[in-house]
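# Topology and contacts: notes
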Amino acid sequence: MTDTMSPTQTPTQTLPLDAWHRAKGARMVAFAGYDMPVQYEGIMAEHLWVRSHAGLFDVSHMGQLLFHGPGLDKALESLLPGDLQSLKDGRLRYSMLLGEDGGIIDDLMATRRGEHFYLVVNGATKAGDIEQFERRLPREIAFDHMKEQALLALQGPEAVAVLNALVPGVAELSFMQANLFRWNDVPLWISRSGYTGEDGFEISVVARDVAALADALVADERVKPIGLGARDSLRLEAGLPLYGHDLDGNTTPVTADLLFAIGKRRRAEGGFAGALRIMGEIDNGAVQKRVGLLVDGKQPVREGALILDREGNEIGRVTSGGHSPTLGRPIAMGYVAAALAVPGTFLKLEQRGKLFQAQVAPMPFVPHQYHRKPQGA
Amino acid sequence: MSLYFTGEHEWIKVDGDTATIGISNHAQHALGDIVFAEVPEQGRSLNKGDEAAVVESVKAASDVYAPIAGEVIIGNSALADDPSLINRDPEGEGWFFKMTLADKAELDGLMDEAAYRAWVATL
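Residues numbered from 1 in each chain as written. Chains lettered and ligands numbered in written order. Predicted model: local features only at pLDDT ≥ 70, side-chain atom pairs only at ≥ 80, totals over all residues.

## Some details on the overall build of chain B
Along its length, chain B carries four helices and 10 strands. Listed by position from the N terminus, the elements making up chain B come as β-β-β-α-β-β-β-β-β-α-α-β-β-α. For 123 residues, the compact-globule estimate of 2.2 N^0.38 gives 14 Å, and the C-alpha radius of gyration of chain B, at 13 Å, lies within 12% of that figure. Along the first, second and third principal axes, the C-alpha atoms of chain B reach 35 × 35 × 20 Å. Expressed as a percentage of its 123 residues, the buried residues of chain B come to 40%. Partitioning the contacts of chain B with sequence separation of at least 6, the portion at a separation of at least 24 is 61%. (Helix = DSSP H or I, 4+ residues; strand = E, 2+ residues; numbered from the N terminus. Rg over C-alpha atoms; globule rule 2.2 N^0.38 Å. Buried ≥ 20, exposed ≤ 12 C-beta atoms within 10 Å, placed from the backbone. Contact = placed C-beta atoms within 7 Å.)

## Things to note about helix 7 (residues 228-237) of chain A
Residue and element names in this part refer to chain A. With respect to burial, helix 7 is a largely interior element, nine of its 10 residues being buried. Among the residues of helix 7, those classed as buried are Leu 228, Gly 229, Ala 230, Arg 231, Asp 232, Ser 233, Leu 234, Leu 236 and Glu 237. Its buried side turned inward, helix 7 meets strand 2 (27-31), strand 3 (34-39), helix 2 (43-52), strand 4 (54-58), strand 17 (314-324) and strand 18 (329-337). Where helix 7 terminates, the next one or two residues include Gly 239, which has phi positive at roughly 75 degrees.

## Points about the sheet that holds strand 17 of chain A
Residues and elements named next belong to chain A. Spatial ordering of the closed barrel is given by 15-18-17-16-19-20, a layout of six strands whose pairing is antiparallel. Neighbouring strand axes in the sheet, compared pairwise and without regard to direction, differ in orientation by 40 degrees on average. Sheet topology places strand 15 (residues 288-295) next to strand 18; seven bridges connect them, and they run antiparallel. Note on strand 18: the bridge partner recorded for Gly 292 is Met 333. The strands that helix 7 touches are strand 17 and strand 18; relative to strand 17, the one it contacts most, it runs at about 120 degrees. (Pairing = 2+ DSSP bridges. Axes fitted to C-alpha atoms, helices over the stretch in contact; angles between N-to-C directions.)

## Considerations on the environment of Leu 327 of chain A
Mapped onto the elements, Leu 327 of chain A comes out in the loop between strand 17 and strand 18. Excluding its chain neighbours within four sequence positions, the residues that come into contact with Leu 327 of chain A are Phe 365 and Val 366 of chain A.

## Comments concerning the nonpolar core
Residue and element names in this part refer to chain A. Among the nonpolar cores identified, the biggest contains 131 residues, and Leu 119, Leu 152, Leu 154 and Leu 349 are the most heavily contacted of them. Mapped onto the domain boundaries, this core takes at least three residues apiece from domain 1 (1-286) and domain 2 (288-361). In this structure Leu 119 touches Leu 65, Phe 67, Leu 108, Met 109 and Ala 110, once residues within four positions along its chain are discounted. (Core = buried A, V, L, I, M, F, W, Y, C linked by C-beta atoms within 7 Å. Domains from an automatic or database assignment.)

## Concerning the pairing of strand 1 (residues 2-5) of chain B
Residue and element names in this part refer to chain B. Bridge count for strand 1 against strand 2 (residues 10-15) is four bridges, and the pairing is antiparallel. Paired with Tyr 4 across the two strands is Ile 12, which belongs to strand 2. Counting the residues between successive antiparallel strands, the hairpin from strand 1 to strand 2 contains four residues, one of them, His 9, with a positive phi of roughly 70 degrees.

## Section: the packing of helix 2 of chain A against helix 7 of chain A
Residues and elements named next belong to chain A. Here helix 2 crosses helix 7 at 55 degrees, and the two axes come no closer than 8 Å. Comparing their axes, helix 7 and helix 2 come out oblique. For the pair helix 2 and helix 7, the crossing hand works out as right-handed. Mapping the contact onto sequence places Ile 43, Glu 46, His 47 and Val 50 in helix 2 and Gly 229, Ala 230, Ser 233 and Leu 234 in helix 7. (Parallel < 35°, antiparallel > 145°, perpendicular 65-115°, else oblique. Left-handed = near helix turned anticlockwise from the far one by under 90°.)

## A word on the domain arrangement of chain A
Residues and elements named next belong to chain A. Domain assignment breaks chain A into domain 1 (1-286) and domain 2 (288-361). When each unit is reduced to the centre of its C-alpha atoms, the spacing between domain 1 and domain 2 is 27 Å. Listing elements by their share of the side of domain 1 that touches domain 2, those giving two or more residues are helix 2 and helix 7. With four residues, helix 2 is the largest single contributor of residues to the side of domain 1 that touches domain 2. Grouping the amino acids of the side of domain 1 that touches domain 2 by side-chain chemistry returns seven nonpolar, six polar and four charged. (Nonpolar A, V, L, I, M, F, W, Y, C, P; charged D, E, K, R; others polar.)

## So, the sheet that holds strand 14 (residues 223-225) of chain A
Strands pair in a sheet through their backbones, by hydrogen bonds, and they do so in one of two ways: parallel or antiparallel. Residue and element names in this part refer to chain A. Here six strands make up an open sheet; going across it, the order is 11-12-13-10-4-14 and the pairing mixed. Lying at the two open borders of the sheet, with one neighbouring strand each, are strand 11 (178-183) and strand 14. The average angle at which neighbouring strand axes cross in this sheet is 30 degrees, direction not considered. Both strand 4 and strand 14 contribute to a ladder of three bridges, which runs parallel. Within the sheet, the bridge partner assigned to Ala 54 lies in strand 14 and is Val 223. Docked against the sheet, helix 2 engages strand 4, strand 10 (149-155) and strand 14, running at close to 120 degrees with respect to strand 4. Sheet contacts for helix 6 (residues 207-218): strand 4, strand 10, strand 11, strand 12 (186-191), strand 13 (200-206) and strand 14; angle to strand 10, the most-contacted strand, approximately 15 degrees.

## A word on unusual backbone geometry
The step from Met 363 of chain A to Pro 364 of chain A runs through a cis peptide bond, and the omega angle for that step is 5 degrees. Residue position: Pro 364 of chain A is located in the segment after strand 20 (354-361). The backbone of His 9 of chain B shows a phi angle near 70 degrees, a positive value even though the residue is not glycine. Following the sequence through the fold, His 9 of chain B ends up in the loop between strand 1 and strand 2. The exposure class of His 9 of chain B is buried, given the 24 C-beta atoms found within 10 Å.

## Brief notes about the interface of chain A and chain B
Contacts between chain A and chain B engage 17 residues on the former and 17 residues on the latter. Contributions of two or more residues to the side of chain A that touches chain B are made by strand 1 (2-3), helix 2, helix 7 and strand 17 of chain A. Counted by class, the side of chain A that touches chain B contains five nonpolar, nine polar and three charged residues.

## Quick notes on the environment of Leu 48 of chain A
All names here are of chain A. In this structure, Leu 48 sits in helix 2. Owing to 17 C-beta atoms within 10 Å, Leu 48 belongs among the partly exposed residues under this scheme. Note: C-alpha distance between Leu 48 and Ala 216 (168 residues apart in sequence) is 22 Å.

Right, here's the structure in full:
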């Protein structure tokens, strides 16, 4: 028996919770340059636990950057296509760092934090992002890579009750809202956000105190620690793209079907990296588009599989795929020729010489459970 | 009846001229939650080392190779409906297929149970 897809081993760094994960029985793997927990009791059980209770994820590998300086909104808007000027204090927005050609260098969360903007970027790309920001932002914009901060995510329908018991007041946050709280004497920057499709929170805490906070969270029997394996299957079910797989420098916000992240004002005004190409794609349509795929049968179809039209012509590739624990069937996402990116379209997938039937499906595959306040509230 | 293991974590239970093939407890544990298994068709002729079956966990796909030469007598049809049998009872109900034993001499290079368990404990 041989793994056909074992991860490559490279020298790795350890995260503040390394010993904590090992003590909890985690199986550790190399990911984004760090030793990280891929699973504790098992991916399937962990996945279903998050959908029904609350799961604690260590995402301290991600980069936390705090920007300040005169004209910060406009400076960031030159690289990010989101409407940051209209973003209120304590609100966050999903956005992307774009190359001058409009390709996606990374996807990220941007929060207005008083005079600052706080960005959370992917772990595997943070070094490159920092280089980009240093090179492409005006000299008067400074930023701090908050290496001393760990980052936890608490996700699932019971996350709000659990966290509000420890940190009273967090229940008042609505989806994509953040604020500074205190737990004992420890300052916590908490946002109501995440990458599982569930209601939940992301908590930035100084590394020195992260083990105590993680202990306090899992002391609640509604919380279990959750590894990267379930994080991947949860975000796939939620239709959320993963950088380095579903997004890369050859994709744009239009081909990646992330147009919601480009504000109306930004579309009208342009003025962001790659705007000419991206606005052209908005007006004229892009060649390819990211779609969801429901795969027939039970066998997972994974990243790299070919996507064929009904005549057998290659029209794209699967960029993420696997078993959906919630749906009990294989699901995938990938890029297809724009004309075939219509839900209901029948396609074929080819993996290791074997053909699979698939159908383009709307995403998310599993409905989001975000805690949105009623409009106008 | 005797039990053998390969370095690829397959087990071979030999009963007369028939061998039953599966993956070891160590293998199922390493794979994690198994969501799909495909076993060879009855009558298929296998050479030693041929890709005989596929097993997929949530994480990854793996091939199961024929540890010996022979002809497939039957695949375990229960795995199609419930591949998690391989997790629950890998060295029993979670067997993959039964095959004829073309050349008993091929068993000579395999580990016996004690040797396999001792080796796995070092991994």
